[in-house]
Structures are given as structure tokens and as C-alpha cells.
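# Breakdown of the fold
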Amino acid sequence: MWVPFLLFLAFLSAISAQEDLSRKVFFFRNEPSEDYVILKPQPEEPLQNFTICLRSYTDLTRPYGLFSYATPSEDNEILIFKSKPGEYRVFVGGEYVSFKVSEDPINWEHICFGWESATGTVEFWMNGKPWPRKGLKKGYTVSADAFILLGQEQDHYGGLADSYNSFSGELTDVYMWDFLLSPHKMRSAYQDLQLPRCTLGWKNLQYEIKGDVTVKTRLR
Ligand SMILES: *[C@@H]1O[C@H](CO)[C@@H](O)[C@H](O)[C@H]1NC(C)=O
Ligand SMILES: [Ca+2]
């Protein structure tokens, strides 16, 4: 009687959880993969500003989606996409700008993608350093009705795109704020220091794993 019940509880906590993932990673084992992690919290209101930060580790050279925020009317409402070695594409409301980065294949890459509607400004930070800012979607509002996932790109709300755009490797330190972080806090995110309160954060992450993704301790 008790054993099946406890097994059931263990199963539930394995696939749907809210926990402090400090010093942990999501390990995406398959390549290519149809696996992903759903992030539960949605913004309370439509967004005029946001910042998303995450850290990834992979030797993939094909394109892959890292963070996909789709709404019923726009699958690429927010998207962080590594289009090829040396290039990130970041999307707002279906349009994107690219950032060229130097390619050091066997290293963790920490990125922060910030956007401010009033001036249509995109900030892109990599490993604690700001890239030249670019313009995107001035005056646009990001819908709060979102399906958010890690490790894939969506081609419609809740629907996966090509598995050859999937992520394989390790992913950690995922955060989203409904404002543009100050330069000081962009650097704090890179250094994994004290960060402002957020709706979606690695130290209190509400998530659900779909498929073969495991939580593992980060190797140092
Ligand atoms: C978004 O940022 C702008 C400029 O910093 C600010 O004036 C505005 O109040 C912010 N909007 C929201 C909804 O927080
Ligand atoms: Ca898409």
C-alpha cells in the first residue's frame, strides 16, 4: 500500500517541481532531442520590458533553441536562438536581431537578453560584457499568455519545432525579470551573485520536465 504511494510521490516530484536548483543543471542527454523543460510561472501582466539570463554548455554546431516563449498569436514572441557557431538571434514579437560572438567551443556561455519597448532597445550581454545595443520592436507589448520552455523552439503555442533545432548539453542559472536589469545586475547575473526578485528564477524554479532531461550537479 505505502510503497506504491511513495513511488507515485517520487514520480510526481521528478517530473513537476518547484525547487532551488543552485549548483544544479538541466542535462539534455539526447541529440537530436524532443525533450524539453516547461517553465510554469507566467508574467502577471503584459511586458514592456524584460531581461532573461541563462548559462549553457554544449559543443553543438547546428542551430538550437534555448529559451522559447510562445503566445497563441506569435510563436516567437520571445526566443533565444543560437543560429550557428558565433551567432545568437534574439526575437521579440516575431522579429529578431543577431549578435556575433567569438566562438570558444568548450566553455560555458552566459547570456542576458534585455529589451525595453519605449525605446525599442535590445541589450545583449555575454559573460558579463555588453554587446553594442540594437533596435527591435519599439512600442510593442509582449503578451503575458505564454507557454515557456527550455531546450526547444516552438512553432506554435506549446508545439515543438524541428528536433534538429533542439538543445543538447547542460543548461543552468535561468532567470526572467519584467524589467531591464541595471548593468551592475547584468554582471551580478554572470557572476551568480545576489539578484533582484524575479517571477522566474533558478533558486525557486517551478518547472516540469518533458522527456529525457535530468537534474544533475554542476561539474566545476
Ligand atoms: C518599462 O521601462 C520604461 C523605461 O525604463 C519605464 O518608463 C516603464 O515604466 C517600464 N514599464 C513597465 C510596465 O514597467
Ligand atoms: Ca518558432
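Since the model is a prediction, treat every value here as computed from it, not as a measurement.

As a matter of local geometry, ligand 1 sits amid Gln48, Asn49 and Glu116. Note that an oxygen atom of ligand 1 is positioned 2.7 Å from one of the side-chain N or O atoms of asparagine 49. Interatomic distance of 3.3 Å between a side-chain N/O atom of glutamate 116 and an oxygen atom of ligand 1. Burial of ligand 1 by the protein chains amounts to 36% of its free accessible area of 360 Å².

Attention now moves to the environment of cysteine 198. Position of cysteine 198 relative to the elements: it lies in the loop between helix 2 (183–191) and strand 17 (200–201). Look at cysteine 198 and you get partly exposed, because its relative accessible area is 28%. For the pair cysteine 198 and threonine 71, spaced 127 residues apart in sequence, the C-alpha to C-alpha distance is 20 Å. Aside from chain neighbours lying at most four places away, what touches cysteine 198 is Tyr175, Met176 and Trp177.

Under the defined criterion, the tally for this structure stands at ten salt bridges. One salt bridge connects glutamate 103 with lysine 82, and the closest N-O pair in it is separated by 3.3 Å. You can see glutamate 103 sitting in the loop between strand 8 (95–100) and strand 9 (109–116) and its partner lysine 82 sitting in strand 6 (residues 74–84), a full 21 residues away along the chain. Classification of glutamate 103 as partly exposed rests on a relative accessible area of 36%. Residue lysine 82 is classed as buried on the basis of its relative accessible area of 3%. Aspartate 192 serves as the salt-bridge partner of lysine 203, at 3.4 Å between the closest nitrogen and oxygen. Here lysine 203, found in the loop between strand 17 and strand 18 (205–210), pairs with aspartate 192, found in the loop between helix 2 and strand 17; they are eleven residues apart in sequence, far enough to count as distant. A residue is classified by how much of its surface remains accessible, and lysine 203, at 41% relative accessible area, is partly exposed. Via salt bridges that share partners, Lys40, Glu208 and Lys210 belong to a single interconnected network.

Turning to the layout of surface pockets, a few remarks are in order. In this structure, the largest pocket spans a volume of roughly 250 Å³. Around the largest pocket, the lining comprises 17 residues; the ones closest to its centre are Tyr175, Cys198, Gly201, Lys203 and Asn204. Across the lining of the largest pocket, the residue classes break down as eight nonpolar, six polar and three charged. If you go around the second largest pocket, you meet 17 residues; those closest to its centre are Thr58, Leu60, Lys82, Glu103 and Pro105. Put simply, the parts of the chain that give the lining of the second largest pocket at least two residues each are strand 4 (49–57) and strand 6. Residue composition of the lining of the second largest pocket, grouped by class: six nonpolar, four polar and seven charged.

Take the coordination of the calcium ion (ligand 2) next. For the calcium ion (ligand 2), the protein coordination sphere consists of Asp75 (OD), Asn76 (OD1), Glu153 (OE) and Gln154 (O), at 2.0 to 2.6 Å. If you list the donors of the calcium ion (ligand 2) from N- to C-terminus, the spacing comes out as D-N-x76-E-Q. One end of the pair, aspartate 75, is in strand 6; the other, glutamine 154, is in strand 14 (residues 154–156), and 79 residues separate them in sequence. Given the relative accessible area of 0%, glutamine 154 is considered buried.

What counts as what
- Residues numbered from 1 in each chain as written.
- Chains lettered and ligands numbered in written order.
- Predicted model: local features only at pLDDT ≥ 70, side-chain atom pairs only at ≥ 80, totals over all residues.
- Heavy atoms only, no water.
- Near = heavy atom within 4 Å.
- Polar contact = N/O pair within 3.5 Å; in protein donor to acceptor, adjacent residues only side chain to side chain.
- Areas by Shrake-Rupley, 256 points an atom, 1.4 Å probe, with all protein chains shown as cover.
- Helix = DSSP H or I, 4+ residues; strand = E, 2+ residues; numbered from the N terminus.
- Buried < 20%, exposed > 50% of the residue type's maximum accessible area, 1.4 Å probe, protein only.
- Contact = heavy atoms within 4.5 Å.
- Salt bridge = Lys/Arg side-chain N within 4 Å of Asp/Glu carboxyl O.
- 1 Å grid on protein atoms, 1.4 Å probe; cavity = no way out; pocket = protein on both sides within 12 Å on 5 of 7 lines; lining within 4 Å.
- Points joined across faces, edges and corners; volume = space filled by probe spheres on them.
- Nonpolar A, V, L, I, M, F, W, Y, C, P; charged D, E, K, R; others polar.
- Donors = N, O, S within 2.8 Å, 3.2 Å for Na, K, Ca; no water.

Remember that the coordinates give geometry; whether it matters functionally is a separate question.
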